[in-house]
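Each chain, letter by letter, is given below.
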Amino acid sequence: ETSNTYTKFTGKDIYQEEFDPWGYLDTYYNLKSGVLVTDGFLDFALRKLHETFTVHGVKGETLIDIGHGPTIYQDLSACESFKEIIGADYADRSREYFEKTVRNEPGIFDWTTVIQAVCDLEGKGTTVEEKREKLKKTVKKSIKCDVTKSNPVAPLVLPKVDCVMSLGCLECASKDLDSYRNVLKNISPLLKVGGYLIISEILNCTSYLSGGKRFSCLSLNEEFMRSAITDTGFAIIDLEVIPRKYDKEQYNICNHDSSLFVLARKLRDI
């Protein structure tokens, strides 16, 4: 099956039933062969997250990490700038895997090299052990979250937070561009006015393989992302796109051509 075949929208229930955390991690974050490692995305994301919490000074009480899946790399810089991180994901298996990873349980995916890379970026001489400890102290829990609902964390009602972060999630949760705009409208009320939104997505991707199953992905581009974010009441502070390092074999696994990172500030409720 080629990567440009149309993939029927794989909604939240398919993630709940069929998403395999280990298969996903091995395909995308394996340090030797992972698609998002070899294409340059992981280094890009770590650098941009580091800049966000240092150069741009994003900090506060609480950050919600939406659609974290089974990865923790996105919280390694954030845990230095926030007192509390709340994970949020729709798939129970991903939430469970995420919590096990935060607790550093045996047999889970090994993030040691990535943790070390973040410590090196920070340049404070923090050890991998200290960073793991910090992560564990800061990431309080992972809650059920459905970004297609007007209150994504229903039935919970959370106090508004200082930062909402979502990496590589919303494009998989939205079946078309209007849905994507709606998802942004749904997550905005979780944030205080003046709070920060961090979004990273891969661009021009229609589907991706994970654990032997093909999942749909909404094809996004920079122009659309700029308008969708500003139309939702945000001011863009930082936006960077990097081209993907091309690998023909991996293109069939995931057919994106570039990666995007955005930091925006909420100006108003809409």
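The structure under discussion appears in the preceding block.
Heads up: these notes are all about the structure in this document. No experiment lies behind these values; they were computed from the predicted model shown. (Residues numbered from 1 in each chain as written. Predicted model: local features only at pLDDT ≥ 70, side-chain atom pairs only at ≥ 80, totals over all residues. Heavy atoms only, no water.)

Here we take up the pairing of strand β5 (residues 191-203). Across the 13 residues of β5, ten count as buried, placing the element largely inside the fold. Note that strand β4 (residues 161-167) and β5 share six bridges and pair parallel. Directly across from Cys163, in β5, lies its bridge partner Tyr196. (Buried < 20%, exposed > 50% of the residue type's maximum accessible area, 1.4 Å probe, protein only. Helix = DSSP H or I, 4+ residues; strand = E, 2+ residues; numbered from the N terminus. Pairing = 2+ DSSP bridges.)

With that settled, the discussion passes to helix α5 (residues 92-102). For α5, every residue scored as buried is listed here: Ser94, Arg95, Tyr97, Phe98, Thr101 and Val102. The buried residues of α5 occupy one face: seen down the axis, they fall within an arc of 165°. Check the buried side of α5 and you find it contacts α2 (21-29), β1 (60-66), β2 (82-89), α7 (128-138) and β3 (139-144). Phi turns positive, to about 55°, at Asn104, one or two residues after α5. (Arc of directions from axis to C-beta. Contact = heavy atoms within 4.5 Å.)

Here we take up the pattern of salt bridges. Inspection of the entire model under this criterion finds 19 salt bridges. Among the salt bridges present, the one from Lys100 reaches Glu96, with a minimum N-O distance of 3.8 Å. Here Lys100 pairs with Glu96, and both are found in helix α5, just four residues apart, close to one helical turn. For Lys100, a relative accessible area of 30% translates into the label partly exposed. A relative accessible area of 46% places Glu96 in the partly exposed class. Salt-bridge contacts for Glu105 lead to Arg103; the nearest nitrogen and oxygen are separated by 2.9 Å. Connected via shared salt-bridge partners are Arg47, Lys48, Glu51, Asp238 and Glu240. (Salt bridge = Lys/Arg side-chain N within 4 Å of Asp/Glu carboxyl O.)

This next bit is on the sheet that holds strand β8 (residues 234-243). Judged by pairing direction, the sheet is mixed, and its seven strands sit side by side in the order β3-β2-β1-β4-β5-β9-β8 without closing on themselves. A single partner strand is all that each edge strand has here, and the edge strands are β3 and β8. When the angles between neighbouring strand axes are averaged without regard to direction, this sheet yields 15°. Against the sheet, α5 engages β1, β2 and β3, with an angle of about 175° to β3. Packed on one face of the sheet, helix α10 (residues 222-231) meets β5, β8 and β9 (258-266) and runs near 165° to β8. (Axes fitted to C-alpha atoms, helices over the stretch in contact; angles between N-to-C directions.)

The contact between helix α9 (residues 177-187) and α10 brings their axes to 9 Å, and the two run at 40°. Comparing the axis directions of α9 and α10 gives the class oblique. Handedness of the crossing formed by α9 with α10: right-handed. Contact residues: α9 offers Leu177, Tyr180, Arg181 and Leu184, while α10 offers Phe224, Met225, Ser227, Ala228, Ile229 and Asp231. Grouping the amino acids of the contact of α9 with α10 by side-chain chemistry returns seven nonpolar, one polar and two charged. (Parallel < 35°, antiparallel > 145°, perpendicular 65-115°, else oblique. Left-handed = near helix turned anticlockwise from the far one by under 90°. Nonpolar A, V, L, I, M, F, W, Y, C, P; charged D, E, K, R; others polar.)

Along the chain, Lys131 falls in helix α7. Here Lys131 falls in the buried class, since its relative accessible area comes to 0%. Here Lys131 is in contact with Leu76, Cys79, Glu80, Ile115, Val118, Cys119, Glu122 and Thr126, once residues within four sequence places are set aside.

A few words on the side chain of His50. Among the secondary structure elements, His50 is positioned in helix α4 (residues 41-53). Looking at His50, the relative accessible area reads 16%, which means it is buried. For His50, the residues in contact, after removing those within four places along its chain, are Val55, Ser77, Leu121 and Glu122.

All right, on to the packing of helix α6 (residues 112-122) against α7 then. Where α6 contacts α7, the two axes come as close as 9 Å, and the packing angle between them is 95°. Here α6 is positioned roughly perpendicular relative to α7, judged by the angle of their axes. On α7, the residues that touch Thr112, Ile115, Gln116, Val118, Cys119 and Glu122 of α6 are Val128, Lys131 and Arg132. Grouping the amino acids of the contact of α6 with α7 by side-chain chemistry returns four nonpolar, two polar and three charged.

Scanning the entire structure with this criterion turns up 15 aromatic pairs. Judged by centre distance (6.0 Å) and plane angle (85°), the ring pair of Phe53 and Phe82 falls under edge-to-face. Pair noted here: Phe53 is in helix α4 and Phe82 is in strand β2, with a separation of 29 residues, a long-range link. In this pair, the class of Phe53 matches that of Phe82, namely buried. Taking the centre distance of 5.7 Å and the plane angle of 75° together, the rings of Tyr180 and Phe224 count as edge-to-face. In this pair, Tyr180 is assigned in helix α9 and Phe224 in helix α10, connecting sequence segments 44 residues apart. The exposure class assigned to Phe224 is buried, which follows from its relative accessible area of 10%. Following the ring pairs from residue to residue traces out a cluster consisting of Tyr15, Phe19, Trp22, Tyr24, Tyr28, Tyr29, Tyr73, Phe109, Trp111, Tyr208 and Phe215. (Phe/Tyr/Trp six-rings, centres within 6.5 Å; stacked < 30°, edge-to-face > 60°.)

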